[in-house]
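# A closer look at the structure
Here are the chains, one letter per residue:
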Amino acid sequence: MEFSFFREDATVPSMQDFLLAWGVVVWFFVLFCLIKFGARFLLARLGKWPSLKKDFFVILSGLSWYSGVSVALFCGNLFLPFVKWIHVVFSGFFAVALIIELSGILKFFLKVVMEKGFAHQDAKTKKNLTEILNTLLQILIWILAALIFFDTVGVAITPLLASLGVWGIAVAFASQKLIEDFFSSFSIMGSSPFRIGDIITIKDTTGTVKKIGLRSTTLLTVEDKSVIIPNRLLVAEIIENSGTIKVRRKRFSLTITYETPLEKVRQIPKLLEQIIGKHKDVGFEWAVLRDLQASCLEIYVSYVINNDDWLNATQLHSKILEEILEKFAEEKIDFAYPTQTLRLKK
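Being a predicted model, the structure only gives us computed values, none of them experimental. (Residues numbered from 1 in each chain as written. Predicted model: local features only at pLDDT ≥ 70, side-chain atom pairs only at ≥ 80, totals over all residues. Heavy atoms only, no water.)

One finds L254, I256, L272, I299, V301, I324 and F328 to be the most contacted residues of the largest nonpolar core, which totals 22 residues. Elements supplying a minimum of two residues to this core: strand 6 (248-256), helix 9 (262-277), strand 7 (282-292), strand 8 (297-305) and helix 10 (310-330). For this core, the leading source of residues is helix 9, giving six residues. Residues L110, L133, M189 and F194 belong to the second largest nonpolar core, which totals 15 residues. (Core = buried A, V, L, I, M, F, W, Y, C linked by side-chain atoms within 4.5 Å. Buried < 20%, exposed > 50% of the residue type's maximum accessible area, 1.4 Å probe, protein only. Helix = DSSP H or I, 4+ residues; strand = E, 2+ residues; numbered from the N terminus.)

Quick look at the structure:
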């Protein structure tokens, strides 16, 4: 049994059919007016509303007269056995109205979902996810409008839907990786392992997240290269996210020669504290003699940067190392490198 929106009989409409159809038209048009003017009344009379509620009533008050008339006539047309071309005209008007109004309503519900369900996400990520979902919903609206229109020109919907289902299964098998990437994008945006602007490391690749798309995520490396990674890999691999760090701690080793006098070795922590502590938003923690290695003395140093900017922290560490080199040269403290001393006995 085939499904159809319209009556298939071609008989001449009776007076009862006309009365029923006009009753439906009037009922739907009155309902449309009540919704439109009721929303305007509430907006004008009530005080400050929360943003989401106000947006909802703005959408209802902004419903177009074209849509109201088109929907009412389309619903009334369902009860009249007109010839097919009249059905085509009414369904065409209805399809356009459906696309116009549902687009605005679905955008509002997307906004609600983003603000309520993804409140932890940053603005850029929410905007990106909204654009993705809005595109999918727009496609669904166009498909629904097309199905209504095809039904009016005599294309049976049931076999069409069945054939689309078969083709959908075939495409799903042929595009498993693409579908996996697609659903991985929602997993990334929903669980939020990283956000746009975060600096992440996956395997041997480190970069700033510039875009989270349906199929892939784009990173920008320090060499200004764009690296495109399929979303399924981001979900499966271990990710190091440096973007969530608010205070960055840096620890490193300095190796000096055994010929360095003990007094100067004891002065090194104070020298390092002077070098590191003078920088803004930097806190010196400690510097200790960590180990007596085979060819050097190892000094272990730790400091923190009260800044979440990874690039700034990297540049600051480079500057600190340059100042250490300069200061140690002034104090005649030599850095060690692997050496071997060969002693010969006569």
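That covers the picture; the talk isn't over yet.
A few words now on the environment of P338. Tracing the sequence through the fold places P338 in the segment after helix 10. With 44 residues separating them along the chain, P338 and A294 place their C-alpha atoms 8.6 Å apart.

A few words now on the pattern of salt bridges. Using the criterion set out here, one finds five salt bridges in the structure. Among the ionic pairs, R249 bridges to E285, the shortest N-O distance being 2.9 Å. A residue pair is termed long-range when its members are at least 10 positions apart, and R249 in strand 6 and E285 in strand 7 qualify at 36 residues. A relative accessible area of 31% means that E285 is categorised as partly exposed. Between E298 and R290 there is a salt bridge, with its nearest N and O atoms 3.5 Å apart. On the accessibility criterion, E298 (9% relative accessible area) is buried. By relative accessible area, which is 48% here, R290 ends up partly exposed. (Salt bridge = Lys/Arg side-chain N within 4 Å of Asp/Glu carboxyl O.)

A separate point is the confidence of the model for the protein chain. Scored by pLDDT, the protein chain has a mean of 78; 78% of the residues are at 70 or more. Within the protein chain, the element-level pLDDT minimum falls on helix 6 (residues 157-174), averaging 65, and the maximum on strand 8, averaging 94. Low pLDDT (under 50) marks residues 1-9, which in the prediction has 27 contacts with non-local residues, meaning those over four places away or in another chain. (pLDDT = per-residue confidence, 0-100. Contact = heavy atoms within 4.5 Å.)

Taken together, three strands build an open sheet; the order of strands is 6-8-7 and the sheet is antiparallel. The open sheet has two free edges, formed respectively by strand 6 and strand 7, since each of these has just one partner strand. Adjacent strand axes in the sheet meet at a mean angle of 20 degrees when their direction is disregarded. Taken together, the nine bridges between strand 6 and strand 8 define a ladder with antiparallel strand orientation. Looking at the pairing, R248 lines up with I305 of strand 8. Across the face of the sheet, helix 9 comes into contact with strand 6, strand 7 and strand 8 while running at roughly 155 degrees to strand 7. (Pairing = 2+ DSSP bridges. Axes fitted to C-alpha atoms, helices over the stretch in contact; angles between N-to-C directions.)

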